[in-house]
Every structure is written in structure tokens, then in C-alpha cells.
Amino acid sequence: MSHKLKVGELKEHYLVDEDIWRVFSIILSNKSAKSSTYKYALVKSLIENLYSVNDKLELSYDQLSYSFTKVYWNLVIHHHLDKQNRGSKNARAVTVIKEFKEKHDIPNEFSFDKINHSLQLKLVSKMKSVMKENVFGALYGDTKATFYEFNHYKEYFRFQPSVHRFMLNYQLLLVNLTNYHMAKMIEELNEVPSINYLLDKVESIAKRSSLKPYEKILLNYFEANCFYCSKSLSNSENVTHVDHFIPWSFVQSDQIWNLVLSCNRCNTSKNDKLPDRSYLDIIIDRNKQLVNQPPLEIDSMENYKDNKIILLYDYSIKNGFDKIWTP
Ligand SMILES: [Zn+2]
């Protein structure tokens, strides 16, 4: 009963891609006995945090629980997809979220990022217990102790290095596979029109409804100019956008070190493309200034390193983002 484990150690120290693919296809497809959608939500949370690891490739339970909570809040409250497991009882994650919503009287229309920060953290902490009891150990068992180790006392999760590298290399494929299988399972469990309806929802659950809070932070530290074309953003005809330097469809997360202010024109024309490589040096310089600032309210620069954004840039090209944009 691996899901009852409190500490799980790594049994394997090196895996080749072929082994990793095999395990992923088993855990993502119907081949493994899945009673709930937890494993998909955990894989989505891991992908969202691939670039937030520390030097030892560790993530804290808080980091993972934040992403995990967001997934379930948006599915259950925002999209009313309550059934997240087989059998008659609700999944524990669903019950915890619904009780929390009632207790704090949070409206259904609220996506997770609209909830105030201190309430978010309270819920994240409750969901951490759900993850400890039902999630970390289960996927650890399915991956036969070869993908990661975890420790409930120290509350950390650590990637096996070849698995982390694999996930960076095939990130986009993994995102699509996970979304597809998760949507398929949710479709089976809930009465919904079709899988296309669901895929749209699942694909965007991790997405913020607004990047406004980041705009405020960036405007605090930098002049109101477009990162790409330098046009001033302070005159009224120019709408200010917060743009993902590396496209969101690839990173699947919002980190301040990947966000820049941009004018309407650049934002629209850049769309889902990578900016020209020359901008990489500029954003690295920009980020140097952010690192020296006091801790940021909604996001931190902790674990940020210059080479992370370079890696991210190169991995997005490898993953098919090869249309390069200049203003
Ligand atoms: Zn511009």
C-alpha cells in the first residue's frame, strides 16, 4: 500500500527515455487502476513547477499544493465538475474545496486567483494534507519508486534527475497527453456535452484569469515602456499588457521572471511565438534588477537563475516553438 507511505526513497538512479515513456504511458492511460483524477492533477502540478526546483531538483509541498489546489478549485467550483473519482463517495479534495467555499462564502464565479491571498494559503495548506494522504504515495507506487522521492516530515518532493530532464525535453507532449487523459476521465465521471468541451476547460485550468497583479508589480519596479519596442505605455491610447516572454502555452505557468510589460501592438503580433534571441539578454538583465528587490507579494524570484530562462528558451524551440518574432 504505497499511498500510506510517509517517506518514499528513490530506487533507481538513472533511467533512459524509453523507460520513462513506458511508465508515463502506463500512468496516463487506462492501464493503471485509477480511482480518481489525482494523478493527472499531480502531473500537471509537476509540469507547472518544472522550473521552480532548487539545485537539488526539489520542490516544497507548498509549491505543489498551490498548483494542485488551483486545478481542483477551477474544476470543481468554477466549472462545476464535481465528480473526480469512481465510486459513490466524493474525492477528498472535492469535499475539502466545497466545504472551504461554503465556510468562507466565496462566489462560484471566482476562479482560484481571484480568492484573496491569505484564504488561498489556508486552502493550500488543507489540500496539502489531502496530497500527503492520497497523492504522493500513490503515484510513487505507480512509478515503482523510480520517478521521485518524497518526505512528509520535511515536506519535500525531489525529481529523479533523468525524469526531470525528460519532462523538460517533452514538456509539450506531456501537457497534451495529460490534459487529454484527464479530460477523458472527467467526461466519463460527469455529465458533460463532449470531450472537446472538457479539453478546453482542462487545458486552461492552470491559466490565470488576470495578470493585473503582475502589471502592478512590474510598474512599481520599471518604467512604463514596452519591453519589445520601447514605446511608452503611459499615454492613454496604448493599452498595457503583461506578456509571457516564453509563451504561456509552453511554460504553463506565470512566473514574474518570464513576464514583461508590452504594448498592445507587440502583444497581439507576438501572440504564441518566441521573441528573437537578442531579447534573451535583455530579459536576463531585467531579471537581475528583480532579484535585488524585496520579496514580491504574489511571486518570488526564489530559485530563479539566469540559465533557467535560457534553458526554457532552448527547450521551447525543441518542443516546436520555432517561429521567432521581432516587433
Ligand atoms: Zn511594443
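As a starting point, this report considers the structure included with it. Counting restarts for each chain: residues are numbered from 1 in the order of the written sequence. Only residues with pLDDT of at least 70 get local features here, since the model is predicted, and only at 80 or more are side-chain atom pairs given and counted; chain-wide, interface and lining totals rely on the full set of residues. Side-chain figures throughout are based on the complete set of non-hydrogen atoms in the structure, without hydrogens or water.

### Points about empty space enclosed by the protein
Gaps between atoms show up when a probe of the same size as a water molecule is rolled over them.
Next, step 1: With a 1 Å grid laid over protein atoms only, a set of points is called a cavity when a 1.4 Å probe fits there but cannot get out and a pocket when it is open yet has protein on both sides within 12 Å along at least five of seven lines; lining residues have an atom within 4 Å of a point. Grid points are joined across faces, edges and corners, and a volume is the space filled by probe spheres set on the points. If you walk through the whole model with that rule in mind, you get 3 cavities of 30 Å³ or more.
Next, step 2: The calculated volume of the largest cavity comes to roughly 70 Å³.
Next, step 3: In this structure, the largest cavity is lined by Lys44, Ile47, Glu48, Val175, Thr178, Ala206 and Gln252.
Next, step 4: Numbered from the N terminus, helices here are DSSP runs of H or I no shorter than four residues, and strands are runs of E no shorter than two. Among the elements that line the lining of the largest cavity, the one with the most residues is helix α2 (residues 38–48), at 3 residues.
Next, step 5: In terms of residue class, the lining of the largest cavity is built from 3 nonpolar, 2 polar and 2 charged.
Next, step 6: Considered as a void within the structure, the second largest cavity measures approximately 50 Å³ in volume.
Next, step 7: Lining of the second largest cavity is provided by Phe24, Ile27, Val43, Leu46, Leu139, Phe147, Tyr148, Phe157, Phe159, Val163 and Met167.
Next, step 8: Every element with two or more residues in the lining of the second largest cavity is listed here: α1 (17–28), α2, β4 (156–159) and α7 (161–169).
Next, step 9: Residue classes in the lining of the second largest cavity are distributed as 11 nonpolar, no polar and no charged. Following the grouping adopted for this structure description, the nonpolar residues are Ala, Val, Leu, Ile, Met, Phe, Trp, Tyr, Cys and Pro, the charged ones are Asp, Glu, Lys and Arg, and the polar ones are all others, Gly among them.

### Notes on the coordination of the zinc ion
Next, step 1: The zinc ion binds to the protein through Cys226 (SG), Cys229 (SG), Cys263 (SG) and Cys266 (SG); the donor distances cover 2.3 Å.
Next, step 2: Metal sites are built from N, O and S donor atoms within 2.8 Å, or 3.2 Å for Na, K and Ca, and they leave out water, so they may look incomplete. Only four donors with every angle between 85 and 135 degrees are called tetrahedral; only four or six donors with opposite donors over 155 degrees apart and all others between 65 and 115 are called square planar or octahedral, in that order; all others are irregular. Around the zinc ion, the 4 donor atoms are arranged such that angles at the metal cover 104 to 113 degrees; this shape is classified as tetrahedral.
Next, step 3: Along the chain, the residues that donate to the zinc ion are spaced as C-x2-C-x33-C-x2-C.
Next, step 4: Relative accessibility under 20% of the residue-type maximum defines a buried residue, over 50% an exposed one, and the middle range a partly exposed one, all with a 1.4 Å probe and only protein chains included. You can call Cys226 buried: its relative accessible area is 3%.

### Describing the sheet that holds strand β3 (residues 148–151)
Next, step 1: Strand order in the open sheet formed by 4 strands is β1-β3-β4-β2, and the pairing between neighbours is antiparallel. Among the strands making up the open sheet, the edge pair consists of β1 (7–8) and β2 (58–60).
Next, step 2: As paired strands, β2 and β4 are joined by 3 bridges and run antiparallel to one another. Bridging across to β4, Ser60 finds its partner in Tyr156.
Next, step 3: The contact criterion used throughout is that any non-hydrogen atoms of two residues lie within 4.5 Å. All axes here are fitted lines through C-alpha atoms, helices being fitted over the stretch that makes contact, and every angle between N-to-C directions spans 0 to 180 degrees. The strands that helix α3 (residues 61–78) touches are β2, β3 and β4; relative to β2, the one it contacts most, it runs at about 65 degrees. A pair of strands is considered paired only if DSSP assigns at least 2 bridges between the two.

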